[in-house]
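Chain by chain, the residues run as shown.
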Amino acid sequence: MGPNDELAEELRASARKALDDRMPTTVLRQVIDTEDGIDRSLYALAADLGWLGLTLPESVGGSGGSWHELAVVLEEIGRALAPLPMIASVVVAAGAVMLAGDDEQQQRLIPGIADGSAIATGALFGASGRPDEPLAARVERRDGSLVLSGVSGFVPDAHVSSWMVVAATDGAVPTLVVVDSSAPGVRIERLDTTDVTRRLAHVHFDDVVIPSANVLASADAQHVIDELVRRAGVAIALDSVGGLERVVEITVAYVGEREQFGRKVGSFQAVKHHCANLLVFSETARVAGRAAADAIDGARWVEWAAIAKSYSGDTYTEATRIAVQCFGGVGFTWEYDIHFYMKRARLSQQLFGSPTYHRQLLTRELRSRTAD
Amino acid sequence: MCSGWKHVDKGERVHFDYSDEELSFRKELKGFLDGELPVYFEFFDLPQQERFDRSMEFVKKLAARGWLTPAWPVEYGGSAHAPWQQMILSEEMIAHGEPRTGQYMNVNWIGPAIILAGTPEQKEYHLTRISNGNVVWCQGFSEPDAGSDLAALRTSAVRDGDEYVINGEKIWTSNAGVAEFCFLLARTNSEARKQEGISIFLVPTATPGVEVGDIDAVVHPGAFHHVVFTDVRVPASCRLGPENEGFTIVRKLLANERVGVARYHRAAGYLDRVAKWCDERGLLDDSSVIETLAHARVACDAARVLVYQVWDERTRGLHPDESAWVYRTAAVNAERAVSEAAFKLMGAEALVRHSHADNQFEWATTAGIAGGSYEMQLNSLARVLLGTKG
Amino acid sequence: MFEDDPELQAFRLRYREFLDANAPRGWRVNATSPDTTLEIQRSWLRTLVAGGWGAAHWPTEYGGMGATLAQQIVMQQENARAGAPAVTMFGMALVHVAATLLEFGTPEQRHEHMPSILRGDEIWCQGFSEPGAGSDLAALSTRAVRDGDNYIINGQKIWSSGANRADWCLLLVRTDPIAVKHKGITFVLLDLHSPGIEIRPIKSLLGSQEFCEVFFTDVVVPVSNRIGEENEGWHICQTTLATERGPYLLPVVNKLRGECAEMGRLAEAIGTDHAAQVAASFHAEVTILSELLDRTLIKAAFGKSGNESSILKVYYSELSQRLTTAALEMVGLDAQLSWPEAFDLNSDTFDGSWGMSHYWSWSWTIAGGSNEIQRNIIGERVLGLPREPRPEAKVR
């Protein structure tokens, strides 16, 4: 605790107020019924409030802040279930360009992300959207130009993106290229996912010509992809932390109101213990998420990223399962909000690597440490 | 060859096997179902109306073969098949997507309720229709403030000459939109202790004042309804059993029912698909994948063995309270284990709406809530084991 | 996850230097019985105190170090690193007794006990639970009747750890049998060498004699040994119990870390994906627990002590049970062989016996307020859920 935290708490208060005002679940219910399922005016507000450029350098329109603060915003977004393409655009797409792009690319692409005028995403995996499956997109040189073909599965927010970073194989090795989402040959197949607060798409590439200026010239694209998986994973973990916190609140409020057998159902020990378990999940997942955010770039970053993503994925889903159980029948209605959390948890658990995948990363990291 | 649970060592150890006759019955039944129906998942995924229409058509054929109400006494349109054939029927039905849809309820307990407590006229009228597969029922039990605490229901039926006037609201009523009759629990005495003032009514849903609305459920919109009764007048002859004895009748029936549909069998069938999906992707070399599949499979088989035990006790005229509660919790565990396995192994593909995994998730979620919450089932079991009340 | 600032780093190095020069080596070989272990610990406590490293959390005026929580954590880490003996047998005295005396004791009581605790001359135990007062501690019925300047005590306590070697006991007694049950309880310091006391060790499921029953027949305790006012004992014992869940947990976490590292080695040896998954998930959870504890302690230092103690207790105790269960499966039948006699189960290092760790883990989920009680506390005091209705009075 220190001045850093006071700043973070101020940011939290303002973020919560903005989201309470602009994205109560009554509004969320309208937004998810729109074609694109995001709230562009809220996204503009997010830009005005400085959320989008929070961790981007000042030289490209950001404010050079830390993940300690970004964590606060991501938690609040998760709490509100806000349908904002922030992880795709800021953490993944801008992250890729900052890690692997040159100066010209950064100057050209990042300011639009920071001011919200552009939305971007990352298509980093194969057809099933899993980091542990081979890429299904490839680039080839044809008549002096670079041509992209194949597919990337389960790409978040592709339908609202103006550009995306695509991982494709170039011969035997992966490479990263920036693709204009409206370029000829790009087809975005929207998916009907159970989590209605976020949208995914399969992106098909049919001989898309990639200008040479759009190749992210990193020496080791796999290394960059791995880092993006970690960052996106931690961002999802923080989203889950915020969601878990709210799940505890609304569940406790419901069982404290609902009466059966002449008592509040929350006075039954079986229900009360469910609620206590929810809090244990929430508190431990929060510690993991925040520790990971604070560990970025440090000696334990790889370890904490894997811990936070795997643990939050499992606890958020289990907590929402218990929560719906506490709500009983009404938990099964569209009218109550709890099911939105349940489905967001399920998607979060799988996006950017399942808990199993991240535990494999953790094992690898611990092994490499023992070997050192 | 023996049927059901064979007792060895003075009942200490049990052994289960189907007889040749039962096995050939299963084979014949399967052949019939395969010919009549698309595979389970496709039937389940049909649009609501089509599913209903096909079900109506199918159930009549089932009835014609004597396979709709085989366990009922012959005098009421049954064929007095051995009880284990009913178990086989129950498993095969769900393995094919429960093509009886709402009518399984008629067979399993609405019919038996009428057999137990109905007047000769009620039996004559309703049982024939049910055993012919001609009628859809819904059950009017839960209310907004009477879920787990069913006896807290407030829908009232006030006697007025030869009629009752019904007012109130029911929720979670499956099939109310298409049902011809509602098996309704209503309060006929507001002074009595809450379980003692309830009566059963067999209400034609076409009666003026009955209004059906959809509940916007998380999945399968249109599957659940709420039903509002406003000054609904029904003749006193619609009452089933004596006035204020409704809860006693329901309790007797539920003691006999409690097995419900063979969800473990459907879950196990779905698990086979998950395993196949993994196999196609070469994942079965990974011991953690095998572990996950095996864990879920064990949960399904545990539920299966437990329900056989309940069935066995029932056929021997015992009241299998304890094993029934154990079975019900085991069935919920099986549903959950299969759902978890699907998510864990299939990743984001499980999250596409109306995917099989998504459907399984829905089954698993409702399993612990509908028909008495998981916690209530554990309480009931604890009461039996500890011999406590409350 | 502490990043040492330069000052803390310097502190760490100073303590490391002290440990390198003074920590006994090879002491485990000699720790073959409770008595020899006690002597090793006593001697180490005296060395620590003489070197200015004793009683880290005590204020300096009582001979402690007045160390910050960060410093205490550093010392724990360094102890584990150096393999120094933990002074577990003096834990009750150094932690519970000190906390109670510092908050509620008279100056005379502090001066009588704290220096001798530091010298390693006083071993303490706790006399709270009774056969009829376990989870429902406030139902205790050991009676204390005032007789001039003394209380006369009759009754029985149970689960007093180490009472058979202790000199003194933190005792809860009933002084008002008519009042609402938690309002008639008084907290006294009992000299276990007084006449009328009988101590019988209970053989635990490990075969060891960790716990004791203590019987009181007309035992005389001077009123001057009372802590706080008469009938105020309930409130005071809450403070004593709360200390169990603060820095006191650091050794527990250290032990879990050791177990986790061992599990990692086991998983490598087994070599399957499944074993690797299991080991990784426990590594994740133990790391989270450690971080949760650190962050909880920091909060406490900032005066924002919340209700985390119950959350911590539920989490670490069940984590310990789950972890050792998984380990037993990994080890297989080898883990079913009997283990060495247990005599220092509160040690901060994993001693190689999964069986012992496993069975001992139930002491964490049951003792100190069972996890069911902890979940009630979380539900009612933290989340504000309604209490379970009191059973209605029996009508005869």
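Residues numbered from 1 in each chain as written. Chains lettered and ligands numbered in written order. Predicted model: local features only at pLDDT ≥ 70, side-chain atom pairs only at ≥ 80, totals over all residues. Heavy atoms only, no water.

Rule in force here: UniProt positions are given in the numbering used here, feature names are shortened, and annotations may be inferred rather than shown by experiment.
According to the UniProt record, the Cofactor (unreviewed entry) comment for chain C reads "FAD". Regarding chain C, the relevant UniProt record gives this comment under Sequence similarities (unreviewed entry): "Belongs to the acyl-CoA dehydrogenase family."

Under the UniProt heading Sequence similarities (unreviewed entry), the entry covering chain B gives this text: "Belongs to the acyl-CoA dehydrogenase family." UniProt's Cofactor (unreviewed entry) comment on chain B is quoted here verbatim: "FAD".

## Thoughts on the overall build of chain C
What counts, and what does not: Working definition: helices are DSSP H or I runs of at least four residues, strands are E runs of at least two. Numbering for both runs from the N terminus. Computation of the radius of gyration draws on C-alpha atoms alone. For the globule rule, the value is 2.2 Å times the number of residues to the power 0.38. Relative accessible area decides the class of each residue, using a 1.4 Å probe on protein chains only: under 20% of the type maximum gives buried, over 50% gives exposed, and in between gives partly exposed. Every residue pair with non-hydrogen atoms within 4.5 Å of one another is taken to be in contact.
Looking only at helices and strands, chain C has 12 helices and 8 strands in total. Taken over C-alpha atoms, the radius of gyration comes to 22 Å for chain C, in line with the 21 Å a tight globule of 396 residues would show. Expressed along its principal axes, the backbone C-alpha trace of chain C runs to roughly 65 × 55 × 45 Å. Within the span of chain C, comprising 396 residues, buried residues form 54% of the whole. Within chain C, contacts between residues at least 6 apart in sequence are counted, and of these 73% link residues at least 24 apart.

## Looking at the interface of chain A and chain C
To be explicit about the condition: Computed with a 1.4 Å rolling probe, the buried area is the accessible surface lost when two parts are put together, summed over both parts. A pair is scored as a salt bridge if a Lys or Arg side-chain nitrogen falls within 4 Å of a carboxyl oxygen belonging to Asp or Glu. Pairing of N or O atoms within 3.5 Å defines a polar contact, subject to two protein rules: one partner must be a possible hydrogen donor and the other a possible acceptor, and residues neighboring in sequence count only if both atoms are side-chain atoms.
Taken residue by residue, the interface counts 38 residues in chain A and 33 residues in chain C. Taken together, both faces of the contact between chain A and chain C bury some 3,200 Å²; the carbon and sulfur share is 70%. Across the chain A-chain C interface, the total number found is 4 salt bridges. Taking the shortest distance from any N to any O, the salt bridge between C:Glu268 and A:Arg367 comes out at 2.6 Å. At the boundary of chain A and chain C, one finds 13 residue pairs in polar contact (both at pLDDT 80 or more).

## Some thoughts on the pattern of salt bridges
Two side chains of opposite charge can pair, provided their charged atoms sit close to one another. Residue and element names in this part refer to chain A. By the definition in use, this model includes 72 salt bridges over all chains. Among the ionic pairs, Glu 245 bridges to Arg 286, the shortest N-O distance being 2.6 Å. Residue Glu 245 is found in helix α7 (residues 221-257), and its partner Arg 286 is found in helix α8 (residues 269-295); the two are separated by 41 residues along the sequence. For the pair formed by Glu 245 and Arg 286, the shared burial category is buried. Glu 318 is the salt-bridge partner of Arg 321, the closest N and O atoms lying 3.1 Å from each other. Here Arg 321 pairs with Glu 318, and both are found in helix α9 (residues 301-327), just 3 residues apart, close to one helical turn. Taking relative accessible area as the criterion, Glu 318 reaches 27% and is therefore assigned partly exposed. Here the residues in one salt-bridge network are Glu 9, Arg 12, Arg 16, Glu 75, Glu 76, Arg 79, Glu 245, Arg 246, Glu 249, Glu 283, Arg 286 and Arg 290, joined through shared partners.

## Remarks on the side chain of B:Asp286
Filter applied, for reference: Neither His nor the chain ends is counted toward charge; the positive residues are Lys and Arg and the negative residues Asp and Glu.
Relative to the elements of secondary structure, B:Asp286 occurs in the loop between α8 (263-280) and α9 (287-315). Buried B:Asp286, no salt bridge; nearest opposite-charge side chain is A:Arg130, N-O distance 7.9 Å. Sequence-distant contacts of B:Asp286, that is, excluding residues within four places in its chain, are made with A:Gln360 and C:Asp273.

## Describing the nonpolar core
Rules: Definition used in this section: a nonpolar core is a set of buried Ala, Val, Leu, Ile, Met, Phe, Trp, Tyr and Cys residues joined via side-chain atoms within 4.5 Å.
Core analysis: the biggest nonpolar cluster contains 252 residues, and A:Trp51, A:Trp163, A:Leu176, B:Trp137, B:Phe183 and C:Met263 have the highest contact counts within it. Per-element tally for this core: the top contributor is α7(A), with 18 residues. Here A:Leu176 is in contact with A:Ala100, A:Leu124, A:Val165, A:Val166, A:Ala167, A:Asn214, A:Val215, A:Leu216, A:Ala221, A:Val224 and A:Ile225, once residues within four sequence places are set aside. Listed in part, the 70 residues of the second largest apolar core include C:Trp44, C:Val97, C:Val173 and C:Ile236.

## Quick notes on helix α6 (residues 103-114) of chain A
All names here are of chain A. Note the cut-off: Here, expected helix span is obtained from the residue count minus one, scaled by 1.5 Å.
Over its 12 residues, α6 runs 16 Å from end to end, which matches the ideal 16 Å to within 8%, given 1.5 Å per residue. By the burial criterion, the buried members of α6 are Gln 105, Gln 106, Leu 109, Ile 110, Gly 112, Ile 113 and Ala 114. Residues of α6 that are buried in the fold lie against α3 (40-48), α5 (86-100), β1 (120-123), β4 (163-170), β5 (173-180) and β8 (215-216). Near the N-terminus of α6, the side chain that reaches the backbone nitrogen of Glu 104, with its oxygen 3.2 Å away, is that of Asp 102.

## What to know about the packing of aromatic side chains
Spelled out, the test is: The criterion for an aromatic pair is that two Phe, Tyr or Trp rings (for Trp, the six-membered ring) have centres within 6.5 Å, with stacked assigned to planes under 30 degrees apart, edge-to-face to planes over 60 apart and tilted to the rest. We call a charge positioned above a ring when the Lys NZ or Arg CZ atom is no farther than 6 Å from the ring centre and deviates by at most 35 degrees from the ring normal.
If you walk through the whole model with that rule in mind, you get 31 aromatic pairs over all chains. Between B:Trp137 and B:Phe181 the ring centres are 5.0 Å apart and the planes differ by 25 degrees, which places this aromatic pair in the stacked class. A residue pair is termed long-range when its members are at least 10 positions apart, and B:Trp137 in strand β3 (residues 137-140) and B:Phe181 in strand β6 (residues 181-187) qualify at 44 residues. Per residue, the accessibility class of B:Trp137 equals that of B:Phe181, and both read buried. Ring-pair connections join several aromatic residues into one group, and the members of that group are C:Phe11, C:Tyr15, C:Phe18, C:Trp44 and C:Trp53. The residue whose ring lies beneath A:Arg263 is A:Phe268, and the NZ or CZ to ring-centre distance is 3.8 Å. Lying over the aromatic face of B:Phe343, A:Arg346 brings its terminal NZ or CZ to 4.0 Å of the ring centre.

## Focus on the interface of chain A and chain B
For clarity, the threshold we go by: Under the scheme applied, nonpolar residues are Ala, Val, Leu, Ile, Met, Phe, Trp, Tyr, Cys and Pro; charged residues are Asp, Glu, Lys and Arg; polar residues are all the others, including Gly.
Taken together, the 32 residues of chain A in the interface contact 39 residues of chain B. Taken together, both faces of the contact between chain A and chain B bury some 3,200 Å²; the carbon and sulfur share is 60%. When the buried area of chain A at its contact with chain B is split by residue, A:Gln325, A:Phe332 and A:Arg346 rank highest and sum to 23% of it. For the pair chain A and chain B, the interface holds 2 salt bridges. Of the charged contacts, one joins B:Glu340 and A:Arg346 as a salt bridge, the two residues approaching to 2.6 Å between their closest N and O atoms. Counting the contacts that link chain A with chain B gives 13 residue pairs in polar contact (both at pLDDT 80 or more). Sorting the residues of the side of chain A that touches chain B by element identifies α8, α9, α10 (338-350) and α11 (355-371) of chain A as the ones contributing at least two each. Each residue belonging to the side of chain A that touches chain B can be placed in one class, and the counts come to 10 nonpolar, 15 polar and 7 charged.

## Some details on the packing of α5(A) against α6(A)
Residue and element names in this part refer to chain A. Heads up, the rule is: What counts as an axis is a line fitted to C-alpha atoms, over the stretch in contact for a helix, and the angles between N-to-C directions run from 0 to 180 degrees. Oblique is the label for every angle not falling under 35 degrees (roughly parallel), over 145 degrees (roughly antiparallel), or within 65 to 115 degrees (roughly perpendicular). Crossing chirality is assigned from the near helix's rotation relative to the far helix, an anticlockwise turn below a right angle marking it left-handed and a clockwise turn marking it right-handed.
Close contact between α5 and α6 brings their axes to 10 Å; oriented N to C, the two are set at 165 degrees. Regarding the angle of α5 to α6, the classification is roughly antiparallel. Here the hand of the crossing between α5 and α6 comes out left-handed. Residues Ser 89, Val 90, Ala 94, Val 97 and Met 98 of α5 touch α6, and the partners they reach there are Gln 105, Gln 106, Leu 109, Ile 110 and Ile 113. Broken down by class, the residue content of the contact of α5 with α6 amounts to 7 nonpolar, 3 polar and no charged.

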